[in-house]
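# Remarks on the overall topology
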Amino acid sequence: MSRIEAQKQSDALRLELEKLNRLYAMLSRINRTIVRAEDAGELYEAVCRIAVEYGSFTCAWAGLVDPSSQCVVLVARAGAPAQWHRVEISVADAADPIGAALRENRPFRVDGSRIGPELPSPWPEVMRDVGVAGLAVLPLQVEGELVGAFGVATGESGYFQEPVTRLLIEIAEDISFALEVLRREERRAIAESKIQYLAHYDPQTGLPSRTLFTERLAAACEAAGEQEITVLVVALRQYHAVMQAVGDKAGLQLMRIVSGRLESLLPFSAIGRIAESEFAVIAEITDGLHLVEETAWGIHQVLSQAIPVDGREFFLSPFTGIAVYPRNGAPSEVLKAAALAAAKGPQDAGSVCRFFVAGMDRVSRERLEMEAAMRRALERQEFVLHFQPQVSLESGCVVGAEALLRWQRPGHGLVPPSEFIPLLEDTGLIVPVGEWVMQEACRFAKQCQDEGLPPFRVAVNLSARQFQEGDVGAMTRRALSAAGLEAHWLEMEITESIVLLSAEAVIRTISELKAAGVKHALDDFGTGYSSLSYLQRLPVDRIKIDQGFVANVTSNPNDAGIVRAVVGMAHNLGLAVIAEGVETEGQLGFLRGLQCEEMQGYHFSRPLPGDEFRALLKEGRRIAGAPAEDRPGRYILVLDDEPNVLSALRRLLRPTDLNLLIAGNVQEAFNLLATHPVGVVVCDQRMPEMTGTEFLRRVKELHPAVVRIVLSGYTDLTSVIDAVNRGAIYKFLTKPWDDQALIDSLKEAFRLYEMERENRELVRRIQQLIKDAGKESAQRPDRRSADGL
């Protein structure tokens with residue numbers, strides 16, 4: 001190949017990379033818009049504008065199917081001149097090629113010489129007049145029904161090849177998803193629908209998550225051929241300290257400002273949020289690594305500036321780690337290398353960026369030393385198991401334990417699992433160590449039974465490497481046989497990512513073990529792909545809700561909605577649910593209210609060495625069992641930070657039949673709501689953490705049956721009217737109050753609450769009667785068949 005031909009090929013490859021990178025930037029912007037979208041019209045306008053500005057299309061348009069005419073009516077456009085109104089798409093006309101493609105839920109694309117033969121008049125004339133050489137039209141669907149179309153056009157012939165079309169299909173599917181979300185009214189339905197979305201996109205910023213960013217990086221590296229791809233990981237070193245200072249709501253605003261600054265600086269680069277405090281950028285820079293440093297300096301300049309939030313300024317102290325494909329390894333290794341360089345960067349304020357250099361990096365040497373020590377750890381019996389109790393929320397008793405691997409490294413003490421378990425995976429040592437874990441867990445469970453302790457289910461985590469390189473079925477049977485443990489006392493915990501690696505083989509293996517009596521749990525549900533199609537096929541007995549969703553479940557409506565959706569879905573599939581990371585009484589009460597079956601977490605016990613776990617079983621430690629469903633009395637929660645107000649309300653309500661619960665701050669109020677059958681909430685409007693109307697808005701989403709009242713001497717009419725219009729509050733009362741008027745208002749509020757509770761109970765009983773009748777009908781023999789016999 002001559003030098004000129006090689007240069008042409010290199011230029012063509014560079015142009016193709018730039019095209020795909022623009023589309024990735026367009027996709028990222030559109031998904032950021034989707035996360036914040038509240039109105040379909042605004043969404044259509046924004047999508048069209050982004051397609052032209054960031055996708056570099058000549059024009060873009062969106063249309064909706066008119067039910068009467070069955071034609072696609074233009075509702076938004078960008079870059080499209082007036083002539084575009086002359087063309088028409090009919091989804092009812094079999095002769096319309098675009099309409100036919102939309103009906104069949106497939107994209108329509110045409111360019112170059114095919115425009116005339118494939119498109120009816122006036123399409124060819126209009127496209128010629130406006131200088132368009134290629135057209136793609138994609139269907140928009142809501143709940144399987146065609147509702148509209150999204151179209152883009154370009155002046156470049158041959159533009160819509162397979163990689164471009166795949167990305168456009170993904171964009172259309174994301175827009176369709178957004179339309180579905182906008183159509184739904186119930187928060188629970190939104191939470192269920194977003195499980196799949198949250199696995200791929202960061203819910204705060206709309207940027208790709210680590211999973212999706214890794215896929216994007218792999219695709220970019222594959223398309224690059226021999227050209228280098230640079231990955232920059234930006235670590236915000238003061239993130240956690242700032243988040244503690246500003247709280248969740250302001251933290252959301254802060255992260256959106258950060259993502260906005262990055263996207264403004266790098267409008268045509270693929271950007272992702274790969275961890276709470278880390279953003280990643282793919283940069284195709286072919287003119288030298290000094291330009292990469294300039295990019296890092298630009299990132300530092302925009303993110304080191306003060307970020308204003310709620311009248312205060314915060315600094316996040318950014319530092320950028322840089323790695324290069326292919327010199328630093330495969331795409332996933334490059335991302336890890338850049339993150340490592342960012343995490344291990346110097347702490348002085350003048351430092352901006354650092355390249356990953358494997359041969360000189362201290363962490364690399366430590367990794368080699370740890371790997372060498374770890375290879376000897378199994379034969380030297382340095383590994384130990386700790387057991388974290390799993391507790392029934394109905395009885396309060398310990399019913400299981402998760403076996404957790406620990407490494408007692410000589411001279412270092414207990415090594416954190418986050419440091420050595422990924423290394424076990426990378427080196428393949430997880431296979432022999434994993435078999436030891438299963439054998440030891442089974443032996444310990446059987447030993448406890450032989451000592452007369454209450455029997456419990458022991459849960460063992462499995463890794464993808466064990467399924468890939470070992471015979472999990474044979475390993476399990478060996479462990480059970482060696483320990484003499486009955487199969488139903490063993491539970492294997494698998495993650496969604498394991499299933500997706502080799503679905504058929506994994507499902508076949510766990511089906512065989514289930515037939516032998518072994519239990520199975522799907523671990524960290526909601527953090528992976530959350531494929532419902534796989535979930536229906538998996539022979540699992542229970543789902544484990546990840547602790548990331550449990551942490552703020554009493555105060556964050558989004559987390560609460562996701563947990564509520566997962567529990568409801570699991571119960572509909574006949575599966576039990578166990579929640580991880582339960583640390584407070586409020587979290588426990590909330591989960592009980594959802595009929596979650598089990599929990600584990602520091603609220604009951606940390607992971608314990610074997611001897612301490614035995615002692616826990618011997619003393620019969622437990623949590624209080626589930627309270628009676630109908631606890632007598634009326635419960636009212638008062639939230640106010642003024643002691644004199646609380647004292648006055650205590651005196652006023654003491655002669656009544658109301659059970660008064662007092663909270664001096666918002667978090668305490670959320671915990672009381674989660675642990676008591678509260679019927680009415682009364683709160684002040686001016687609270688340190690958030691306004692009363694904002695608190696009651698969250699209460700409405702978390703506990704919709706509770707009647708909500710504001711009692712305040714501060715009258716911000718705008719926020720109050722808005723809260724009333726949104727249904728967040730039932731009544732607004734002023735301080736100082738009239739005693740009798742306040743008591744009358746509370747009695748009326750409880751009357752409404754109890755009426756609603758009776759209605760819910762009536763509906764529940766009717767549904768149960770219908771369900772019982774259906775079972776009885778299914779079990780009753782067919783009289784006609786019996787008579788025939």
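Rules and cut-offs
- Residues numbered from 1 in each chain as written.
- Predicted model: local features only at pLDDT ≥ 70, side-chain atom pairs only at ≥ 80, totals over all residues.
- Heavy atoms only, no water.
- Helix = DSSP H or I, 4+ residues; strand = E, 2+ residues; numbered from the N terminus.
- Buried < 20%, exposed > 50% of the residue type's maximum accessible area, 1.4 Å probe, protein only.
- Contact = heavy atoms within 4.5 Å.
- Areas by Shrake-Rupley, 256 points an atom, 1.4 Å probe, with all protein chains shown as cover.
- Phe/Tyr/Trp six-rings, centres within 6.5 Å; stacked < 30°, edge-to-face > 60°.
- Lys NZ or Arg CZ within 6 Å of the ring centre and 35° of its normal.
- Pairing = 2+ DSSP bridges.
- Axes fitted to C-alpha atoms, helices over the stretch in contact; angles between N-to-C directions.
- Polar contact = N/O pair within 3.5 Å; in protein donor to acceptor, adjacent residues only side chain to side chain.
- Patch = residues over 30% accessible without salt bridge, like charges linked within 9 Å, V, L, I, M, F, W, Y side chains within 5 Å.
- Salt bridge = Lys/Arg side-chain N within 4 Å of Asp/Glu carboxyl O.
- Left-handed = near helix turned anticlockwise from the far one by under 90°.
- Nonpolar A, V, L, I, M, F, W, Y, C, P; charged D, E, K, R; others polar.

### As for the overall build of the protein
A tally of helices and strands in the protein yields 29 helices and 27 strands. Counting all 789 residues of the protein, 51% fall into the buried class. When contacts within the protein are restricted to residue pairs at least 6 apart in sequence, long-range pairs at least 24 apart make up 67% of them. Element-wise, carbon and sulfur atoms account for 50% of the exposed surface of the protein, whose accessible area totals about 36,600 Å².

### A short note on the packing of aromatic side chains
Taken as a whole, this structure holds 13 aromatic pairs when the rule is applied. Centre to centre, the rings of F444 and F613 are 6.1 Å apart; their planes meet at 55 degrees, and the pair counts as tilted. With F444 in helix α14 (residues 430–450) and F613 in helix α23 (residues 610–618), this pair connects stretches of sequence that are 169 residues apart. No difference in accessibility class separates F444 from F613, as the two residues are buried. Judged by centre distance (5.1 Å) and plane angle (70 degrees), the ring pair of F456 and F613 falls under edge-to-face. Of this pair, F456 sits in the loop between α14 and β16 (457–461) while F613 sits in helix α23, and the two are 157 residues apart along the sequence. The two residues F456 and F613 agree in class, both being buried. Counting every residue linked through ring pairs, the aromatic cluster contains F387, F444, F456 and F613. Stacked on the ring of Y159, the Lys or Arg K19 has its end atom at 4.5 Å from the ring centre.

### Digging into the sheet that holds strand β5 (residues 145–154)
One open sheet holds the five strands; their spatial order is β2-β1-β5-β4-β3, and the pairing between them is antiparallel. In this open sheet, the two edge strands, each paired with only one partner strand, are β2 (72–78) and β3 (108–111). Sheet twist, expressed as the mean angle between neighbouring strand axes with direction ignored, is 20 degrees. Where β3 and strand β4 (residues 134–142) come together, four bridges link them in antiparallel fashion. Each bridged residue has a counterpart across the sheet, and for D111 the counterpart in β4 is G134. Its contacts with the sheet place helix α2 (residues 40–53) against β1 (59–65), β2, β4 and β5, and it is angled at close to 55 degrees to β2. Contacting β3, β4 and β5, helix α6 (residues 162–183) crosses the sheet at an angle of about 30 degrees to β4.

### Details of helix α25 (residues 666–675)
Most of α25 sits out of view: seven of its ten residues are buried. Residues of α25 that are buried include every one of V666, A669, F670, L672, L673, A674 and T675, and no others. Where α25 is buried, its residues meet α22 (585–593), β23 (634–639), β24 (658–663), β25 (678–683) and α26 (692–702). Between a side-chain oxygen at the N-terminus of α25 and the backbone nitrogen of Q667 the separation is 3.3 Å; the capping residue is N665.

### What about a nonpolar patch on the surface?
On the surface, L762, I766 and I770 cluster together to form a nonpolar patch covering roughly 300 Å² of accessible area. Tracing the backbone through its elements, the reader meets I770 in helix α28 (residues 739–779).

### Some details on the pattern of salt bridges
Counted according to the given criterion, the structure contains 28 salt bridges. Its salt-bridge partner being E440, residue R443 comes within 2.4 Å of it at the nearest N-O pair. A residue pair is termed a helical-turn pair when its members lie 3 or 4 positions apart in one helix, as R443 and E440 do in helix α14 at three residues. For R443, a relative accessible area of 35% gives the class partly exposed. For E440, a relative accessible area of 21% gives the class partly exposed. Residues E694 and R698 are paired through a salt bridge, measuring 3.4 Å at the closest nitrogen-oxygen approach. Of this pair, E694 and R698 both sit in helix α26, separated by four residues, roughly a single helical turn. Salt bridges sharing partners connect three or more residues here, namely E402, E493, K544 and E580.

### Structural notes on the packing of α14 against helix α16 (residues 472–483)
Two numbers describe how α14 lies on α16: the axes approach to 9 Å, and their chain directions differ by 30 degrees. Helix-helix and strand crossings are classified by hand; for α14 and α16 the assignment is right-handed. Contact residues: G434, E435, M438, Q439, C442, R443 and K446 in α14; M475, T476, R478, A479, L480 and A483 in α16. Its residues placed into classes, the contact of α14 with α16 shows six nonpolar, three polar and four charged.

### Let's talk about unusual backbone geometry
Cis geometry marks the peptide bond from Y325 to P326; its omega dihedral reads 5 degrees. The residue P326 is located in the loop between β11 (318–325) and α11 (331–343) in this model. The phi dihedral of N105 falls on the positive side, at around 55 degrees, and the residue is not glycine. Following the sequence through the fold, N105 ends up in the loop between α3 (97–103) and β3. The partly exposed category is assigned to N105, whose relative accessible area is 42%. Unlike most non-glycine residues, Q595 shows phi in positive territory, near 65 degrees. With respect to the element layout, Q595 can be found in the loop between α22 and β21 (598–599).

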